[in-house]
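Structural overview for review
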Amino acid sequence: MFQKSISSLSVLFFSAILLITCQNEKKYVGTQKNSKIFSVEDPHSYSNPSKIRVTHMDLNLEILWSTHILKGFVTVTLDKNENADTLILDTRQLKISAVQNISGKALNYWLGDSKAIFGAPLYIVLGKDDKKVKIVYETIANAAALQWVSPPQTHDKKEEFLYSQSQAILARSWVPCQDAPAVKFTYTAKIKTKPGYLALMSATNPQEVNESGIYTFEMDQPISSYLLALSSGEISFKALGNNCGIYAEPGMLEKAAWEFADMQKMIDEAGKLYGTYMWKRYDVLVLPPSFPFGGMENPRLTFATPTVITGDRSQVSLIAHELAHSWSGNLVTNATWNDFWLNEGFTNYFEQRIMEKLYGKPYDEMRQVLAWNDLEKTIAEMKADGLLGDTKLKLNLKGRDPDDGLSDVAYDKGRFFLCHLEKIVGKKNWDDFLNKYFKANAFSYNNTEDFLKYLNQELLDKNPEWKRLANASEWMYGEGLPKDAVKPVSRELDKVDLLITNYLNGTLKIDRLDTSGFTSHHWQYFIRQLGKKLVPENSMNSIKIVIELNSIYILTEIDKQYKFSNRGNAEICCDWFTLSVKVGYTQNRPQTEKFLVSIGRRKFLMPIYEALVKTPEGKISAKQVFEKAKIGYHSVSAISVEEVLK
Ligand SMILES: [Zn+2]
């Protein structure tokens, strides 16, 4: 998933209200197809895969557009230990109407107690020879994983749109399943949607509309439940290379195809780095603006936010990121959400390598510096909020929402740990190791300890000095950043610092600043560094008033010169509007409100709302905007904003 910078406030919110322990923790001791011994404790699933494990699912669902419900059945194929007789599946607010074996005989079943976010276990008593079970069910209206988008909220504003977001533990709200990342299964599906609409899944996909509205799908490579995905709407397809293409609303298709023109190159470069792309096709579906995240790495079909369609190809790293998940995450999966950094830290590192290869080192150095600064800020905020425990790479999310682990720590502390290892052992040794790691663990899972063991065995044990310098346990189990973490540098961004200094001390007038060749990353850094000077964190009130007066003047002048308030790039808009609110520059309030209403990506919403609520006037205006905007937000975003407004 591509979603960094979750606000520490929303982390606190989830932590505070969701301290509920998931009851059915089990020690898995069964085996998976790849013959790895199953020994995972998953605190976020009720299921019992050590005894009975789902190996295949056959879904048959109808999309009921008028009531926002999915209705039908799923047949699960099981691999079970001889004496096991009760299958346990995860469900969340599903209405189960019948459970049968393959001969149509009704099986005894019941739902256990339901708990917030975890849902309820579904117990099914099997006969001795029952290897397949059919569960007839429907979702509630507006199930947690499903976003039903009304025509005005889409890009083309003509037709409805549906998409799912199953990560981390939302798959259970639309399919009864063993909702634990270590459990992998293949699937087939038959989906009935509105005639004229396309339906798409994380599987083989149609490229043309079928007038009957009935589509069949097959995913013959094992995946985890969080990668189950479904979307439907008026969607067109455009091929971009041998095995890749874009799906989008018709009015968005050409813009998206232009933006992602380098997709085939990315797939080829990624393959050269860490082994052949294993998932046959790689397509991207551009979703309506309400998608709360940047992207979701659903196998064969990445879901992407339209906020990366900036018209300047400045956010294509999102595709590099989601593509990299085809190795780290989808192929080699975190055993539980406590090991989330194995998915995201590896993916951010891999993304960095792809971007460096395609666009050069100076470009990627800028991205690294921006990420490092975000990480330091996140760690400081978490410390202030008493959440230092969550700054360890190995998390302990037992009893909590796995989304609590969605912070810069997993993504960037994880990434910088891998950069640190690369530096110690040298690029060649490191790349050889990673190639071997992906190959050896393909279609399987690892926890942090499995990874460390493999790292030592295959790499660090070869040289005691490497092992000493790696300092792996402090990176894994220590809080914050270890002392040996090295801050990245970027000469490009050093130029920006110099320019800001010269401007603020009056050496250069605004129209004399040399910003030629600036990319959106230069500008992002420019706005953030300016913010650090204009709104120092610990300024005394009296000084602050003087600074604020100057700040408003400065922002007015800068906006006139660079027109930040009217740019199409959401990264720049977010930083600029946040800074504007902080210093009290209100001339661009209409553009700020328009931005908050038109996008739903949480990463961009939260900083602005958080800045607004700091003043009584801002809070009133934040509440008014949210009233207008919330209909277009996914529940994931709406809940986070509501909490800030309280
Ligand atoms: Zn990701």
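Since the structure is predicted, the reported quantities are computational estimates derived from the model, not experimental observations.

1. Structural notes on the overall build of the chain
Looking only at helices and strands, the chain has 19 helices and 20 strands in total. The C-alpha atoms of the chain give 25 Å as radius of gyration, which agrees with the globular expectation for 646 residues (26 Å, within 12%). The principal-axis extent of the C-alpha atoms belonging to the chain is close to 85 × 65 × 50 Å. When each of the 646 residues of the chain is scored for burial, the buried share is 49%. At a minimum sequence separation of 6, the contacts of the chain that also span at least 24 residues come to 71%.

2. Things to note about the sheet that holds strand β4 (residues 95–101)
Taking strand neighbours across the sheet as the criterion, the six strands line up as β4-β7-β2-β1-β10-β12 in an open arrangement whose pairing is mixed. Strands with a single pairing partner mark the edges of an open sheet, and in this sheet they are β4 and β12 (214–224). Here the strands of the sheet are splayed against their neighbours by 15 degrees on average, with no regard to which way each runs. As paired elements, strand β2 (residues 69–80) and strand β7 (residues 132–138) share seven bridges and run antiparallel to each other. Across the sheet, the residue bridging to V74 is I135, located in β7.

3. Considerations on helix α4 (residues 317–324)
Counting buried residues along α4, eight of its eight residues qualify, which places the element largely inside the surrounding structure. For α4, every residue scored as buried is listed here: S317, L318, I319, A320, H321, E322, L323 and A324. Residues of α4 that are buried make contact with α3 (263–274), β16 (282–286), β17 (295–296), β18 (301–304), α5 (340–359) and α6 (361–384).

4. Some points on the pairing of strand β9 (residues 161–164)
Going residue by residue along β9, you find F161 and Y163 tucked away on one face and L162 and S164 tucked away on the opposite face as well. The sheet contact formed by strand β8 (residues 146–149) and β9 spans four bridges and is antiparallel. Bridge assignment links L146 to a residue of β9, and that residue is S164. Summarising the sheet, β9 and strand β13 (residues 230–233) pair through three bridges and their orientation is antiparallel. Residue pairing in the sheet places F161 in a bridge with G233 of β13.

5. Quick look at the packing of α6 against helix α7 (residues 408–425)
Two elements in contact, α6 and α7, have axes separated by 10 Å at closest approach and are oriented at 130 degrees. Considered as vectors, α6 and α7 are oriented oblique to each other. Once α6 is placed against α7, the crossing between them reads as left-handed. On α7, the residues touching A371, D374, L375 and T378 of α6 are D408, V409, D412 and K413.

6. Overview of α6
When the terminal C-alpha atoms of α6 are compared, their 34 Å separation across 24 residues agrees well with the 34 Å that a helix rising 1.5 Å per residue should span. All buried positions along α6 are accounted for by D364, M366, R367, Q368, A371, W372, L375, T378, I379 and M382. With its phi angle positive at about 70 degrees, G386 sits one or two positions after the end of α6.

7. Focus on the domain arrangement of the chain
Reports often express the size of an interface as the amount of accessible area lost when the parts come together. If you check the domain split of the chain, you get domain 1 (45–234), domain 2 (244–334), domain 3 (336–477) and domain 4 (491–645). In this structure, domain 1 and domain 2 have C-alpha centres spaced 24 Å apart. Taken residue by residue, the interface counts 23 residues in domain 1 and 21 residues in domain 2. Mapped onto the side of domain 1 that touches domain 2, the elements with two or more residues apiece are β8, β9 and β12. For the side of domain 1 that touches domain 2, the leading source of residues is β12, giving four residues.

8. Notes on the nonpolar core
Counting residues in hydrophobic clusters, the biggest one holds 130 residues, and the most contacted among them are L285, V286 and I319. Per-element tally for this core: the top contributor is α7, with nine residues. The next biggest cluster of nonpolar side chains, apart from the first, holds 41 residues, and it includes M366, I572, V583 and A629.

9. Some remarks on the confidence of the model for the chain
Residues at a pLDDT of 70 or more form 92% of the chain, whose mean pLDDT is 91. Predicted confidence is poor over residues 4–35, with pLDDT under 50, and the contacts of this stretch with residues over four places away or in other chains come to 82 contacts.

10. Observations regarding the packing of helix α17 (residues 602–612) against helix α19 (residues 635–645)
Where α17 meets α19, the closest approach of the two axes is 10 Å, and the angle between their N-to-C directions is 10 degrees. Overall, the two elements α17 and α19 adopt an arrangement that is roughly parallel. Here R602, L605, M606, Y609 and E610 of α17 come into contact with α19, specifically with V636, S637, S640, V641 and V644. A class-by-class count of the residues in the contact of α17 with α19 yields six nonpolar, two polar and two charged.

11. A short note on the sheet that holds β13
Spatially, the four strands line up as an open sheet ordered β8-β9-β13-β11, and their pairing is antiparallel. Among the strands making up the open sheet, the edge pair consists of β8 and β11 (198–201). Averaged over neighbouring strand pairs, the angle between their axes works out to 10 degrees when direction is ignored.

12. Points about the environment of Y477
Mapped onto the fold, Y477 is located in helix α11 (residues 472–477). C-alpha of Y477 to C-alpha of T391: the two residues are 86 residues apart in sequence and 8.9 Å apart in space. Once residues within four sequence positions are removed from consideration, Y477 is found in contact with K392 and K394.

About the criteria used
Residues numbered from 1 in each chain as written. Predicted model: local features only at pLDDT ≥ 70, side-chain atom pairs only at ≥ 80, totals over all residues. Helix = DSSP H or I, 4+ residues; strand = E, 2+ residues; numbered from the N terminus. Rg over C-alpha atoms; globule rule 2.2 N^0.38 Å. Buried ≥ 20, exposed ≤ 12 C-beta atoms within 10 Å, placed from the backbone. Contact = placed C-beta atoms within 7 Å. Pairing = 2+ DSSP bridges. Axes fitted to C-alpha atoms, helices over the stretch in contact; angles between N-to-C directions. Parallel < 35°, antiparallel > 145°, perpendicular 65-115°, else oblique. Left-handed = near helix turned anticlockwise from the far one by under 90°. Expected span 1.5 Å × (residues − 1). Domains from an automatic or database assignment. Core = buried A, V, L, I, M, F, W, Y, C linked by C-beta atoms within 7 Å. pLDDT = per-residue confidence, 0-100. Nonpolar A, V, L, I, M, F, W, Y, C, P; charged D, E, K, R; others polar.

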